[in-house]
Amino acid sequence: KYLVRSVIISTDFATLYLCSEPDLQIDVAVKVFDLKGASTAPDAKYDPQHWRERFIREARVLAQFDHPCIVPVRELSEDGEGRPYFVMPYLEANLIYEIGRDVTDSDEIARLPESVRPRQLPPARAVFILRQILQGLTEVHRRGLVHRDVKPGNVLLTRKRGGSVKLCDFGVVKFPDWSKSRAGVWLGTLDYIAPEQRENAAGVDARADVYSAAAVAYRMLSGRLPVGRFGSLTELGLGIPKEFDELLMAALAPEKEKRPADAVEMLDRLDRAWPRAAAPGRTVARVVSITRKGEPVS
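From a predicted model like this one, the values you see are computed outputs, not experimental measurements.

A. Quick look at the overall build of the chain. Looking only at helices and strands, the chain has eight helices and ten strands in total. By residue count, 50% of the 298 residues in the chain fall in the buried class. Expressed as a percentage of contacts within the chain between residues at least 6 apart in sequence, the contacts between residues at least 24 apart total 62%. Accessible surface for the chain amounts to roughly 14,000 Å². Of this, 49% is attributable to carbon and sulfur atoms.

Structure below.
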């Protein structure tokens, strides 16, 4: 039914294709179950059936959402080889288009094309994006789910500059009634996950997503990753309101007990710390040099 135009991204668990839908004559993104790499190794933590079940459940969970900040699922089916796939709207950009790559070495940054060098966003744009991330996560947390992989690549944008947010990739979401997760296994993207998720992804709660959302916000505002020993935004001289800076640093606390309980609480506190919703408007990002202070957290 779908004409494959190109591969958008390929991971150990799936391949995402840009396709044309001939009847409606629109572009769509088709995610196909496609185990490969480390996920198929003899010593892999989970067997293929586990990942197949999780893939199908991801599609069914996404299909239940009707929220402007979460990407919808339009169809779940199987291809001619019996591989499950699901269909989503095609969105041409994610947050990386606006903030560049997460490169920390200054020599490596200098070798990159300017269009992909790490950049910081104007505060109004960054807070607009953060607010929409939290709005999407609010729906996730109200259902008892934990996303566990909030990062710039999973923050889709409706256009390449100035677009609105749609959260995607619920492939490692924690379900409230899922009993097959194993303790001691970490999932997610290292620079954006909470310390407790690095130790045991099965035991995390909504506060892990709060940490990840705050890490994305810190990266947008400062141009730096909040790893190792990192300063507050006030210390970086960014002109951020004190109440907002305090909220962000609380959300990035290593101890989860110090963070907002979930996206609902964090969004409420954000609305008080930065009361006026920022219009997306035109954005001009500034290229910065990213360096790690101290030893990276691993």
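Picking up where we left off.
B. Main features of the packing of aromatic side chains. Tallying each qualifying case throughout the model produces seven aromatic pairs. Between Tyr2 and Tyr85, the aromatic rings sit 6.4 Å apart at their centres with planes inclined by 80 degrees, giving edge-to-face as the arrangement. Here Tyr2, found in the segment before β1 (3–10), pairs with Tyr85, found in strand β5 (residues 84–89); they are 83 residues apart in sequence, far enough to count as distant. A residue is classified by how much of its surface remains accessible, and Tyr2, at 19% relative accessible area, is buried. When the centroid spacing of 5.9 Å and the interplanar angle of 50 degrees are considered together, the rings of Phe65 and Phe170 count as tilted. With Phe65 in the loop between α1 (48–64) and β4 (75–78) and Phe170 in the loop between β9 (165–167) and α5 (195–199), the pair connects residues that are 105 residues apart, well separated along the chain.

C. Up close: the pattern of salt bridges. On inspection of all chains with the given rule, the structure shows 20 salt bridges. For Glu81, the salt bridge goes to Arg83, with nearest N and O atoms at 3.8 Å. Between Glu265 and Arg269 there is a salt bridge, and its shortest N-O distance comes to 3.6 Å. Here Glu265 and its partner Arg269 are both found in helix α8 (residues 263–273), four residues apart, which amounts to about one turn of the helix. Its relative accessible area of 27% is what places Arg269 among the partly exposed residues.

D. Here's a closer look at helix α7 (residues 242–251). Along α7, the residues classified as buried are Phe244, Asp245, Leu247, Leu248, Ala250 and Ala251. Structurally, α7 contributes buried residues whose contacts are with α4 (123–142), α6 (206–222) and α8.

E. Up close: α8. For α8, the full list of buried residues reads Ala263, Met266, Leu267, Leu270 and Ala273. Summarising the axial view, the buried residues of α8 lie within an arc of 125 degrees, below the 170-degree limit, and thus occupy one face. Contacts from the buried residues of α8 go to α4, α6 and α7. Among the residues of α8, the N-terminal cap falls to Asp262, whose side-chain oxygen and the backbone nitrogen of Val264 are separated by 3.2 Å.

F. The sheet that holds β9, seen in detail. Pairing in this open sheet of three strands is antiparallel, and the strands run β6-β8-β9 from one edge to the other. Sheet topology places β6 (93–94) and β9 at the edges, where each strand pairs with a single neighbour. Pairing geometry for β6 and strand β8 (residues 155–157), over two bridges, is antiparallel. The residue of β8 that forms the bridge with Ala93 is Leu157. Across the sheet, α4 touches β8 and β9, and the angle it forms with β9 is around 35 degrees.

Rules behind the numbers
Residues numbered from 1 in each chain as written. Predicted model: local features only at pLDDT ≥ 70, side-chain atom pairs only at ≥ 80, totals over all residues. Heavy atoms only, no water. Helix = DSSP H or I, 4+ residues; strand = E, 2+ residues; numbered from the N terminus. Buried < 20%, exposed > 50% of the residue type's maximum accessible area, 1.4 Å probe, protein only. Contact = heavy atoms within 4.5 Å. Areas by Shrake-Rupley, 256 points an atom, 1.4 Å probe, with all protein chains shown as cover. Phe/Tyr/Trp six-rings, centres within 6.5 Å; stacked < 30°, edge-to-face > 60°. Salt bridge = Lys/Arg side-chain N within 4 Å of Asp/Glu carboxyl O. Arc of directions from axis to C-beta. Polar contact = N/O pair within 3.5 Å; in protein donor to acceptor, adjacent residues only side chain to side chain. Pairing = 2+ DSSP bridges. Axes fitted to C-alpha atoms, helices over the stretch in contact; angles between N-to-C directions.

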